[in-house]
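# Observations on chain architecture
Single-letter residue listing:
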Amino acid sequence: MTPDTVLHFWFEESTPQQWFAKDEAFDAAIRERFGQLHRRAAQAELWQWRSSARGRLAEVIVLDQFSRNLHRDSGAAFAHDGMALALAQEAVAQGLDRQLPPEQRSFLYMPWMHSESRLLQRESVRLFTELGRAENLHFARRHAEIIERFGRYPHRNAALGRTSTPEELAFLQQPGSSF
């Protein structure tokens with residue numbers, strides 16, 4: 001399997017509706033086609049992909065996005081966020097993000113948005129502001145507001161075995177409170 005296989009699946013075969021919705025058939029397709037690749041990525045076996053912008057992006061998508069599909073509603077969905085973030089940070093530091101079109105760059109920047117760090121959320125908003133895609137920036141700001149308010153994502157609490165505060169429980173009753 002190559003980075004192009006991942007990128008073709010994500011950007012050509014799949015739709016934005018599939019990327020951001022709970023869809024058991026889409027999750028199953030990722031499990032069937034990319035489950036073994038995800039295991040390899042989680043063990044840092046895809047290091048050879050990191051020499052190009054597209055390879056780095058593909059590895060980040062496998063660790064950041066596919067993890068959420070493969071392990072939906074479980075703490076394992078977030079287990080590789082740190083690795084995806086470190087890979088994305090290195091890519092940006094090397095200027096690899098500038099070699100990607102805006103839609104693809106947005107997925108290289110997603111690990112910042114997924115972080116529960118206030119500092120990294122501020123960087124997420126900066127990156128998405130610079131990217132210039134209004135919808136991505138809207139979601140970056142929404143994510144940052146939640147982290148600023150709670151210091152974590154309340155919608156992850158159950159999956160991660162964390163106890164929700166009364167304020168978080170009230171927040172979770174609001175429409176659009178979880179992603």
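The structure contained in this document is the topic of the report that follows. Not measured: the values here are computed from a predicted model.

### A few points about unusual backbone geometry
The phi dihedral of Ala44 is positive, around 60°, even though this residue is not glycine. Mapped onto the elements, Ala44 comes out in the loop between α3 (24–42) and α4 (53–70). We note that Asp73 has phi near 65°; this positive angle belongs to a residue other than glycine. With respect to the helices and strands, the residue Asp73 is situated in the loop between α4 and α5 (81–93). A relative accessible area of 59% places Asp73 in the exposed class.

### Here we look at the packing of helix α1 (residues 3–13) against α4
Relative orientation of the contacting elements α1 and α4 amounts to 55°, with a least axis distance of 9 Å. One element, α1, and the other, α4, form an angle in the oblique class. Helix-helix and strand crossings are classified by hand; for α1 and α4 the assignment is left-handed. Mapping the contact onto sequence places Pro3, Asp4, Val6, Leu7, Phe9, Trp10 and Phe11 in α1 and Arg54, Gly55, Leu57, Ala58, Ile61, Val62, Gln65, Phe66 and Asn69 in α4. Taken together, the residues that form the contact of α1 with α4 break down as 11 nonpolar, three polar and two charged.

### Brief notes about the packing of aromatic side chains
Taken as a whole and assessed by the stated rule, the structure comprises 16 aromatic pairs. Where Phe9 meets Phe26, the ring centres are 5.7 Å apart and the plane angle is 10°; that geometry is what we call stacked. Pair noted here: Phe9 is in helix α1 and Phe26 is in helix α3, with a separation of 17 residues, a long-range link. Residues Phe9 and Phe26 agree in their burial class; the two are buried. With 5.7 Å between their ring centres and 75° between their planes, Phe11 and Phe107 make a pair best called edge-to-face. Of this pair, Phe11 sits in helix α1 while Phe107 is found in helix α6 (residues 102–114), placing the two residues 96 residues apart along the sequence.

What counts and how
Residues numbered from 1 in each chain as written. Predicted model: local features only at pLDDT ≥ 70, side-chain atom pairs only at ≥ 80, totals over all residues. Heavy atoms only, no water. Helix = DSSP H or I, 4+ residues; strand = E, 2+ residues; numbered from the N terminus. Buried < 20%, exposed > 50% of the residue type's maximum accessible area, 1.4 Å probe, protein only. Axes fitted to C-alpha atoms, helices over the stretch in contact; angles between N-to-C directions. Parallel < 35°, antiparallel > 145°, perpendicular 65-115°, else oblique. Left-handed = near helix turned anticlockwise from the far one by under 90°. Contact = heavy atoms within 4.5 Å. Nonpolar A, V, L, I, M, F, W, Y, C, P; charged D, E, K, R; others polar. Phe/Tyr/Trp six-rings, centres within 6.5 Å; stacked < 30°, edge-to-face > 60°.

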